[in-house]
Amino acid sequence: SAANSNQNLGLPGADSRELLSSAKLAELLREIAPGETLEPQVEQFLKEHAEEFVESVTEFACKLAKHRNSRTLDARDVQMHLETTWDIRVPGYGDDPLPARRPQSNAVHLQRLQQVQKAQQQLANNQLAPQANSDQNAGAKSSNAS
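Residues numbered from 1 in each chain as written. Predicted model: local features only at pLDDT ≥ 70, side-chain atom pairs only at ≥ 80, totals over all residues. Heavy atoms only, no water.

### Quick word on a nonpolar patch on the surface
The criterion, for reference: Patch criteria: residues need more than 30% relative accessible area and no salt bridge. Like-charged residues are merged within 9 Å; nonpolar side chains of Val, Leu, Ile, Met, Phe, Trp and Tyr are merged within 5 Å. Using a 1.4 Å probe, the Shrake-Rupley method yields the accessible areas, and only the shown protein chains count as cover for residues. A pair is scored as a salt bridge if a Lys or Arg side-chain nitrogen falls within 4 Å of a carboxyl oxygen belonging to Asp or Glu. A run of DSSP states H or I qualifies as a helix once it reaches four residues; a run of E qualifies as a strand once it reaches two. Both are numbered from the N-terminal end. Only protein chains enter the area calculation, which uses a 1.4 Å probe; residues under 20% of their type maximum are buried, those over 50% are exposed, and those in between are partly exposed.
Together, L19, F53, V54, W86 and I88 make up an exposed nonpolar region whose accessible area comes to about 420 Å². With respect to the helices and strands, I88 occurs in the loop between α4 (75-86) and α5 (107-145). By relative accessible area, I88 is classed as partly exposed at 33%.

Written out as structure tokens, the structure is:
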């Protein structure tokens, strides 16, 4: 039948629930590892996990959309979930934020930073100085005792 041949070819309208057809999986394998084949159990495993992954991502992205008080699932919802949960960045979808840039330090900030560093250095020197003095005093006492 025509529906059966569509299912084997991985064409739309075959099985609307099948996310990754055998033909598409075989095509992907040819691109990645020409000449290799998949055992039927491995093929079934990959299909099931691809479907579970898409369902999971879609479900969480819908929760994000609902959190935004939106009834529409946007690419940014999917993108946010993929980035935060799976560390997957898909360029070109949704709002691609620009990389975070550190603001240029101005003269006032640099001056304050130098003052803080100087104060820290003085504090460190003051903490070392009493210890050195007590070491010298202990040495002086022992030489006076002899």
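### With respect to the pattern of salt bridges
The full count for this structure, using the stated rule, is eight salt bridges. Its salt-bridge partner being R68, residue D74 comes within 3.2 Å of it at the nearest N-O pair. Note on D74: relative accessible area 25%, which makes it partly exposed. For R68, a relative accessible area of 30% corresponds to the partly exposed category. Of the charged contacts, one joins D77 and R68 as a salt bridge, the two residues approaching to 2.8 Å between their closest N and O atoms. Look at the salt bridges and you will find they share partners, linking R68, D74, R76 and D77 into a network.

### Quick look at the confidence of the model for the chain
We count it as follows: The predictor reports its confidence for every residue as pLDDT, a score running from 0 up to 100. The contact rule is simple, with two residues in contact once any of their heavy atoms fall within 4.5 Å.
Per-residue confidence for the chain gives a mean pLDDT of 78; residues scoring 70 or more make up 69%. Confidence, expressed as mean pLDDT per element, reaches its minimum in the chain at helix α1 (residues 2-9) with 39 and its maximum at helix α3 (residues 40-67) with 94. Per-residue pLDDT stays below 50 along residues 1-14; that stretch engages in nine contacts with residues further than four places along the chain or on separate chains.

### Brief notes about unusual backbone geometry
A positive phi angle, near 60°, is found at N69, a position not held by glycine. Following the sequence through the fold, N69 ends up in the loop between α3 and α4. Using a relative accessible area of 74% as the deciding quantity, one classes N69 as exposed. With a phi close to 55°, D87 is a non-glycine residue in the positive phi region. Mapping D87 onto the fold places it in the loop between α4 and α5.

### Observations regarding the packing of aromatic side chains
To keep things clear, this is the line we draw: Pairs were defined over the aromatic rings of Phe, Tyr and Trp, the Trp ring being its six-membered one, requiring ring centres within 6.5 Å. Orientation was assigned from the angle between planes: stacked under 30 degrees, edge-to-face over 60, tilted for the rest.
A complete count under the given rule lists one aromatic pair for this structure. Where F53 meets W86, the ring centres are 5.3 Å apart and the plane angle is 70°; that geometry is what we call edge-to-face. One end of the pair, F53, is in helix α3; the other, W86, is in helix α4, and 33 residues separate them in sequence. Classification of F53 as partly exposed rests on a relative accessible area of 30%. The exposure class of W86 is partly exposed, given its relative accessible area of 44%.

### Description of the packing of α3 against α4
Our working definition: Interaxial angle, 0 to 180 degrees, is taken between N-to-C directions of lines fitted to C-alpha atoms, where a helix line uses only the stretch in contact. Angles below 35 degrees are treated as roughly parallel, those above 145 as roughly antiparallel, those between 65 and 115 as roughly perpendicular, and all remaining angles as oblique. Less than a right angle of anticlockwise turn of the near helix away from the far helix marks a crossing as left-handed, whereas a clockwise turn marks it as right-handed.
At a minimum axis separation of 8 Å, α3 and α4 run at an interaxial angle of 115°. Relative to α4, the element α3 is oriented roughly perpendicular. The element α3 and its partner α4 pack so that their crossing is right-handed. Across the interface between the two elements, F53, S56, V57, F60, A61, L64 and A65 of α3 pack against D77, V78, M80, H81, L82 and W86 of α4.

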